[in-house]
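# A look at the structure
Residues per chain, in single letters:
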Amino acid sequence: MKEIALQINTVSKTYKGGVEALKDVNLEIKKGEIFGLLGPNGAGKSTLINILTTLTVKTSGTIQVAGVDFDGNQSEAKTHLGVVPQEFNFGIFEKIQDIVVQQAGYYGVPRDIATDRAVHYLTKLGLGDKLQATAMQLSGGMKRRLMIARALVHEPDILILDEPSAGVDVELRREMWEFIQEIHQQGRTIILTTHYLEEAEQLCDRIGIINKGTVLQVGTVTDLLSELQRDRLILDVEGTPHKTLPERYQRISAERLETDLIKGEDLWDITTEIHNYGLKVTGIRNKTNRLEEVFLSKVQ
Ligand code: ADP
Ligand code: MG
């Protein structure tokens, strides 16, 4: 069995005021995988990540990081983790190289090594010409990359990114994905949260779908995608059927049916079947992007 990078056992969080942001969350992230926590806004993703940065205190449950108990030995557990929070949390008047070097100091990395690493990671992330700029002078996407460099400076084996694409231009998003893959290939476990299906699909080995504080499903991208191997069709029809249509056809209105076209199925069989019930099919179109639809069907 693969070693476990992060084990989350029945973690719950109720904020002051009563919002139950996490309800008995169990997750097991394997060493070396890219795991995506996918869910809409308000699902509880950042709450879970912020618990790992100790910004938020969980209400109950236990967490092990690389086998180390998070509550029992927090400083050791944290050496394994590099976390990029969703909200920017650095001093905007500080120089970006200093922000990264200073972080290394918290982990006991000697200053000369920290400086080399800061220059290395900032340069890799396209900020090599901004080392002496202040954080205030960076765009949103650059700030996100600064936070990634800062999270890597103590060379953790698990990198956690809360919405890495937030505020990043579409063109830069691909570069960000390539960088994440490169970091992964160097042997790190990657955990990211996202509400972009495409991001989860492009990057992740496994995905956990979370909504309203509950993990609904965990599986490989391939497994989840195989569920998506169907297209939802809208069929415009005319006439009155002489008997009740089979269950697979949902009657939306007098002129409209909906059904799923399973991968490999012949569209002709569908139109013929409907025809045999006395209806004329006058139009066919796809309802929505199928990925969007299955995701939405899970979170509603
Ligand atoms: P996500 O990151 O998936 O968008 P969050 O973890 O930020 O979700 O939020 C989950 C729920 O917890 C939401 O209902 C949100 O309003 C609530 N919440 C988040 N942070 C706080 C807080 N500091 N105090 C009270 N409620 C909060
Ligand atoms: Mg969030």
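Residues numbered from 1 in each chain as written. Chains lettered and ligands numbered in written order. Predicted model: local features only at pLDDT ≥ 70, side-chain atom pairs only at ≥ 80, totals over all residues. Heavy atoms only, no water.

## As for the overall build of the chain
Within the chain one finds 10 helices and 14 strands. With the principal axes as the frame, the chain shows a C-alpha extent of 80 × 45 × 40 Å. In the chain, buried positions account for 45% of the 300 residues. Within the chain, contacts between residues at least 6 apart in sequence are counted, and of these 68% link residues at least 24 apart. A total of about 14900 Å² of accessible surface is found on the chain, and carbon and sulfur atoms cover 49% of it. Of the side-chain charges in the chain, 35 are positive and 42 negative, and the distance between the mean point of each set is 3 Å. (Helix = DSSP H or I, 4+ residues; strand = E, 2+ residues; numbered from the N terminus. Buried < 20%, exposed > 50% of the residue type's maximum accessible area, 1.4 Å probe, protein only. Contact = heavy atoms within 4.5 Å. Areas by Shrake-Rupley, 256 points an atom, 1.4 Å probe, with all protein chains shown as cover. Lys, Arg positive; Asp, Glu negative; His and termini not counted. Charge placed at Lys NZ, Arg CZ, Asp CG, Glu CD.)

## Examining the sheet that holds strand β4 (residues 60-65)
With respect to topology, 4 strands assemble into an open sheet ordered β2-β1-β4-β5, the strand pairing being antiparallel. Looking at which strands have only one partner, the edges of the open sheet turn out to be β2 (20-30) and β5 (68-69). Inspection of the sheet shows strand β1 (residues 4-14) paired to β4 by 5 bridges, in the antiparallel sense. Residue pairing across strands places Ser 12 opposite Ser 60, the latter belonging to β4. The strands touched by helix α1 (residues 45-52) are β1, β2 and β4; relative to β1, the strand with the most contacts, the crossing angle is about 115°. (Pairing = 2+ DSSP bridges. Axes fitted to C-alpha atoms, helices over the stretch in contact; angles between N-to-C directions.)

## Considering the domain arrangement of the chain
Domain annotation for the chain reports domain 1 (4-225) and domain 2 (230-289). Placing the centre of domain 1 and that of domain 2 at their C-alpha centroids yields a distance of 45 Å. (Domains from an automatic or database assignment.)

## Digging into the sheet that holds strand β7 (residues 158-162)
Taken together, the 6 strands give an open sheet; going across it, the order is β6-β7-β8-β3-β9-β10, and neighbouring strands pair in mixed fashion. Pairing within the sheet leaves two strands with one partner each, and these edge strands are β6 (81-84) and β10 (214-220). Strand-to-strand twist across the sheet, computed as the mean angle between neighbouring axes with direction ignored, equals 15°. For strand β9 (residues 206-211) and β10, the ladder comprises 6 bridges, and the chain directions are antiparallel. By the bridge assignment for β10, Arg 206 is matched with Thr 220. Its contacts with the sheet put α1 on β3 (34-38), β6, β7, β8 (189-194) and β9, and the angle it makes with β7 is roughly 140°. In the packing of helix α6 (residues 170-185) onto the sheet, the strands contacted are β3, β7 and β8, and the crossing angle to β8 comes to about 150°.

## Concerning the site of ligand 1
Every residue near ligand 1 is listed here: Tyr 15, Val 19, Ala 21, Pro 40, Asn 41, Gly 42, Ala 43, Gly 44, Lys 45, Ser 46 and Thr 47. Within the contact set of ligand 1, an oxygen atom lies 2.8 Å away from a side-chain nitrogen or oxygen of Lys 45. Within the side chain of Thr 47, a nitrogen or oxygen atom sits 2.5 Å from an oxygen atom of ligand 1. Look at ligand 1: alone it shows 560 Å² of surface, and the protein chains cover 60% of it. No other element matches the 3 residues that α1 contributes to the shell around ligand 1. When grouped by side-chain class, the residues that make up the shell around ligand 1 number 5 nonpolar, 5 polar and 1 charged. (Near = heavy atom within 4 Å. Polar contact = N/O pair within 3.5 Å; in protein donor to acceptor, adjacent residues only side chain to side chain. Nonpolar A, V, L, I, M, F, W, Y, C, P; charged D, E, K, R; others polar.)

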